[in-house]
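# Structural overview
Here are the chains, one letter per residue:
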Amino acid sequence: MAISSSTVLFLEKVLLRPPPDPLRGVELFNLHLLDDLLHLGYRLLIPVHTGWKSVFESRGILGRATCIWLSPRGLKGLIATWGALRKTSFDVVLVANVGNGLIPLLLALPRRGGQVRLVLIAHREATSRFVAALRLWPACVVAVNEKIAGPFRTSGFKRVSVDYGIFDADRFFPEPRAAREPVRFVVLGALDNAWKGADTARAAFAQLPGAVRARCELHLASYATPPRDVEPGVVAHPWMPAAAIPAFLRAMDIMLCPSRDERVMRETFSQVIVQGMLTGLPVIASDLPIFRGKLDRGGGHLFQSVGELSRRMAALAENPALWPELGAQGRATALDRYVWDTARFAARYIEPNPT
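First, a word on scope: everything that follows refers to the structure included in this document. (Residues numbered from 1 in each chain as written. Predicted model: local features only at pLDDT ≥ 70, side-chain atom pairs only at ≥ 80, totals over all residues. Heavy atoms only, no water.)

### Quick look at the packing of helix α7 (residues 198–206) against helix α12 (residues 306–317)
In the contact formed by α7 and α12, the axes pass within 8 Å of each other and the chain directions differ by 60°. Between α7 and α12, the interaxial angle falls into the category oblique. Crossing handedness for the pair α7 and α12: right-handed. Here Thr 200, Ala 201, Ala 203, Ala 204 and Phe 205 of α7 come into contact with α12, specifically with Val 306, Leu 309, Ser 310 and Met 313. Looking at the contact of α7 with α12 residue by residue, the class counts come to 7 nonpolar, 2 polar and no charged. (Axes fitted to C-alpha atoms, helices over the stretch in contact; angles between N-to-C directions. Helix = DSSP H or I, 4+ residues; strand = E, 2+ residues; numbered from the N terminus. Parallel < 35°, antiparallel > 145°, perpendicular 65-115°, else oblique. Left-handed = near helix turned anticlockwise from the far one by under 90°. Contact = heavy atoms within 4.5 Å. Nonpolar A, V, L, I, M, F, W, Y, C, P; charged D, E, K, R; others polar.)

Shown next as structure tokens:
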């Protein structure tokens, strides 16, 4: 049932350039979001690079949304977008992520006049320039974690919330998991990125006592270019489409989340840990705020070093009786906090009289 007939201008920096291959976390999230908003009755106006046509067609978005097709990238693309939007009518601007490349549009659009609301979904930390550009708007900010929300709160924005979750949560569910061998550890994500910590997991696996390691496997899922020099017992998977992940996780026993921050916060939410929690997998995660907050009611353990990770892995591998309790704790938390509902999001943040 439609809840609104508003027209939403959907601005996303990634849509203004050709699509990455493969599509990953935030891009997939936004495609789901667009589809849901259309089902809810919103009219969508989307500036988008022509390279996305086949993706929009395969996702059923083409023909249902009004697309402003762009060929140039960068400043030329922004100028073309502004030219198309100058005399276009819309009720809400939904900015789907932070990005300095959007600042010229965010500064120019309010000059069109009229009462247009702006809603930002902030997946990443915003620069001070980006925060300043939003001050021209009566903006509502929805951040995926409290650290990202912080600069908007300190800058005086009146509506700042921390609210996020994953789509298709019902596809991730546990199955009865009897003690079995090999014990399968899994690291899930875009592992070509070094900060995802696949090397940490491999080092910890190598430090397992020999008798324990002989009964275990470490699955690294997945890579655009899988490494060839993996150790015995380590399986490096080629890129895995999103549709294959739920069944794959149900074949695993214990999830590892060994991501590390570098100069900036790398993990801002981690859909992966939520997928594992929903599947009922015990989790061993690096001691980062993003993971600490998700395991605060149980569901697994944190680690601060390779040696500690290895000891945690060995302890869980030797005690499969603990898996169901930890899995149930994590699943309860994920269901309570981290399931995305677009209708609820729209009613709470997009509608003129939010609930």
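### Thoughts on helix α13 (residues 323–337)
Taking 1.5 Å as the rise per residue, α13 with 15 residues should run 21 Å; its terminal C-alpha atoms sit 21 Å apart, in good agreement. Buried within α13 are the following residues: Trp 323, Leu 326, Gly 327, Gly 330, Thr 333 and Ala 334. Seen along its axis, α13 keeps its buried residues to an arc of 130°; they face one direction. Exposed residues lying more than 90 degrees from the buried face of α13 are Pro 324, Glu 325 and Asp 336. Buried residues belonging to α13 abut β8 (183–188), β11 (254–257), α10 (271–278), α11 (289–294), β13 (300–303) and α12. (Expected span 1.5 Å × (residues − 1). Buried < 20%, exposed > 50% of the residue type's maximum accessible area, 1.4 Å probe, protein only. Arc of directions from axis to C-beta.)

### A closer look at the layout of surface pockets
The method is simple in principle: a probe with the dimensions of a water molecule rolls over the atoms, and the space it marks as empty is what remains. In this structure, the second largest pocket encloses a volume near 320 Å³. Every residue lining the second largest pocket is counted, 22 residues in all, and those nearest its centre are Val 144, Asn 145, Glu 146, Val 162 and Tyr 338. Contributing elements (two or more residues each) for the lining of the second largest pocket: α6 (146–154), α11, α13 and α14 (342–350). When its residues are assigned to classes, the lining of the second largest pocket shows 11 nonpolar, 1 polar and 10 charged. (1 Å grid on protein atoms, 1.4 Å probe; cavity = no way out; pocket = protein on both sides within 12 Å on 5 of 7 lines; lining within 4 Å. Points joined across faces, edges and corners; volume = space filled by probe spheres on them.)

### Side note on the packing of α10 against α13
With their axes 7 Å apart at the nearest point, α10 and α13 run at an angle of 120° to one another. Compared by their axis directions, α10 and α13 come out oblique. Of the two possible hands of crossing, α10 and α13 adopt the one that is left-handed. The segment α10 lies against α13, with Val 274, Met 277 and Leu 278 engaging Gly 327, Gly 330, Arg 331, Thr 333, Ala 334 and Leu 335.

### So, the packing of aromatic side chains
Applying the stated criterion to the full structure yields 12 aromatic pairs. Ring centres 5.0 Å apart and planes at 80° place the aromatic pair Phe 29 and Trp 340 in the edge-to-face group. With Phe 29 in helix α1 (residues 25–39) and Trp 340 in the loop between α13 and α14, the pair connects residues that are 311 residues apart, well separated along the chain. Trp 340 carries the same exposure label as Phe 29, and that label is buried. (Phe/Tyr/Trp six-rings, centres within 6.5 Å; stacked < 30°, edge-to-face > 60°.)

### Here we look at the pairing of strand β1 (residues 7–11)
Within β1, 5 of the 5 residues are buried, leaving the element largely enclosed by the surrounding structure. Residue alternation in β1 divides its side chains into two sets, Thr 7, Leu 9 and Leu 11 and Val 8 and Phe 10, and both sets are buried. Sheet topology note: the β1/strand β2 (residues 43–49) ladder contains 3 bridges and is parallel. Considered in β2, the bridge of Thr 7 is made with Arg 43. (Pairing = 2+ DSSP bridges.)

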